[in-house]
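Residue strings, one per chain:
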Amino acid sequence: MTNTTYRTADVDGFEIFYREAGDPAKPTLLLLHGFPTSGHMFRDLIPLLADRFHLVAPDLPGFGRSALPSRTAFTYSFDQLARVIDRFTEVIGLDRFAIYIFDYGAPTGLRIAMAHPERVTAIITQNGNAYVEGLSEGWNPIERYWREPTDANRQALRAMLTVDSIRWQYEHGTADVAAVSPDGIALDLHYLERPEADEVQLDLMLDYASNVALYPAFQAYFRDHQPKLLAIWGKNDPFFLPPGAEAYRRDLPNAEIRFLDTGHFALETHASEIAEAIAGFLDK
């Protein structure tokens with residue numbers, strides 16, 4: 001099947017919404033989105049690859065159309081996101097798959113890869129960071145919150161949840177903002193306006209420190225298991241800098257590194273180029 005279907009899976013009582021396309025008998029690519037979006041970010045990529053691969057794009061817990069339980073009922077941390085998505089792959093019967101990791105999807109997917117290196121056949125990282133060299137000054141307000149988790153520092157991060165900030169994340173670094181669909185921005189804002197969704201995002205910003213703390217473990221996984229890796233990067237990303245892509249070669253000498261003249265949400269403007277790179281990389 002090349003048409004995209006839209007499903008939900010019961011993951012031990014947690015409802016995960018996901019997009020699926022392609023023949024399940026073909027190699028599987030698990031697509032993991034980032035902040036503040038959902039599996040919707042893969043809407044252009046999926047049709048370009050569905051004739052050659054089996055594609056699965058879940059919405060992370062608390063994002064998109066997946067469940068958004070109360071913060072008293074579910075701890076919003078990256079360990080928990082990874083735990084639920086790890087079980088999701090088991091529930092829907094994925095035993096071996098490549099992963100496409102982006103933004104928040106990177107620490108989520110890399111936790112799964114470390115836990116089950118035998119399951120992950122390859123990694124495509126599109127502005128998915130695993131090295132301190134990749135962190136820009138744009139992280140300074142969030143790092144301040146890590147160091148001093150005061151209410152004032154938490155409230156200061158609400159500026160990142162506004163319409164202007166979300167639009168800037170999509171448009172910054174693109175050659176032509178007219179090439180960026182406004183629909184993704186509007187959909188992300190819609191999900192952020194749900195009750196308690198803002199607090200969930202602030203919790204995850206605080207917990208992002210756990211990802212940086214795991215960078216040495218991620219890098220040890222790369223060295224020990226030498227997964228095939230393609231880093232394809234919007235070089236004008238204001239959050240994750242090109243040195244973060246280049247750093248992968250330190251632990252994976254055979255990593256493929258490619259840069260695109262665009263920003264953070266590279267799929268918004270370069271889906272065709274990314275699809276072509278993925279197909280060539282995975283077909284080798």
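The structure this text deals with has already been given above.
In this text, all values refer to a predicted model and were calculated from it rather than measured experimentally.

Draft legend 1. Examining the packing of aromatic side chains more closely. Across all of its chains, the model carries 22 aromatic pairs by this definition. On the numbers, 5.5 Å between centres and 45 degrees between planes, the contact of Trp139 with Phe240 is tilted. In this pair, Trp139 is assigned in the loop between strand S6 (120-125) and helix H4 (140-147) and Phe240 in the loop between strand S7 (228-234) and helix H9 (242-246), connecting sequence segments 101 residues apart. Considered together, Trp139 and Phe240 belong to a single accessibility category, that of buried residues. When the centroid spacing of 5.6 Å and the interplanar angle of 55 degrees are considered together, the rings of Tyr221 and Phe222 count as tilted. Given the relative accessible area of 0%, Phe222 is considered buried.

Draft legend 2. The arrangement of the environment of Arg147 in detail. Relative to the elements of secondary structure, Arg147 occurs in helix H4. A relative accessible area of 58% means that Arg147 is categorised as exposed. Counting along the chain gives 59 residues from Arg147 to Leu206, while the straight-line C-alpha distance between them is 9.4 Å.

Draft legend 3. Geometry of unusual backbone geometry. Along the chain, Phe35 connects to Pro36 via a cis peptide bond; the corresponding omega equals -5 degrees. Among the structural elements, Pro36 can be located in the loop between strand S3 (28-32) and helix H1 (45-49). Its identity is not glycine, yet Asp12 carries a phi of approximately 55 degrees, on the positive side. By the secondary structure assignment, Asp12 is in the loop between strand S1 (5-11) and strand S2 (14-21). The exposure class of Asp12 is exposed, given its relative accessible area of 54%. Of note in this structure, Asn127 is not a glycine but carries a positive phi near 55 degrees. Classification of Asn127 by relative accessible area gives buried; the value is 0%.

Draft legend 4. Representation of the pairing of S7. Taken across its seven residues, S7 has six buried, putting it largely inside the fold. Sheet analysis places S6 next to S7, joined by four bridges and oriented parallel. Bridge pairing links Ile123 to Leu229 in S7. Both S7 and strand S8 (residues 256-260) contribute to a ladder of five bridges, which runs parallel. Note that in S8 the partner of Ala231 across the bridge is Ile257.

Draft legend 5. Structural view of the sheet that holds S6. Here eight strands make up an open sheet; going across it, the order is S1-S2-S4-S3-S5-S6-S7-S8 and the pairing mixed. Of all the strands in the sheet, the pair left with one neighbour each is S1 and S8. For this sheet, the mean inter-axis angle between neighbouring strands, taken without regard to orientation, is 25 degrees. Bridge analysis of S3 against strand S4 (residues 54-58) gives three bridges, and the strand direction is parallel. Looking across to S4, one finds that Leu29 is bridged to Leu55. Where helix H2 (residues 78-91) meets the sheet, its contacts fall on S1, S2, S3, S4 and strand S5 (97-101), and the angle it forms with S1 comes to roughly 110 degrees.

Draft legend 6. Fine view of H4. For H4, every residue scored as buried is listed here: Ile142, Tyr145 and Trp146. Each buried residue of H4 sits inside an arc of 105 degrees when the element is viewed along its axis, so together they form one side.

Analysis parameters
Starting from 1, residues in each chain are numbered consecutively following that chain's sequence as written. In view of the model being predicted, local features appear only for residues whose pLDDT reaches at least 70, and side-chain atom pairs are presented and counted only at 80 or more, with totals across whole chains, interfaces and linings using the full set of residues. Heavy atoms from the whole structure form the basis of all side-chain values; hydrogens and water molecules are not counted. Pairing of aromatic side chains requires ring centres within 6.5 Å, counting the rings of Phe and Tyr and the six-membered ring of Trp. Pairs whose planes differ by under 30 degrees are stacked, by over 60 edge-to-face, and all others tilted. Secondary structure elements are taken from DSSP: a helix is a run of H or I of four residues or more, a strand is a run of E of two residues or more, and numbering for both begins at the N terminus. Buried means the residue's accessible area, taken with a 1.4 Å probe over protein chains only, is under 20% of the maximum for its type, while exposed means over 50%, and partly exposed covers the values in between. Two strands qualify as a pair provided that DSSP identifies no fewer than 2 bridges between them. The axes used here are C-alpha line fits, helices contributing only the stretch in contact, and every angle between their N-to-C directions lies in the interval 0 to 180 degrees. Whether two residues are in contact is decided by their heavy atoms: any pair within 4.5 Å suffices. Within this analysis, the arc is defined by the directions that extend from the helix axis to the C-beta atoms.

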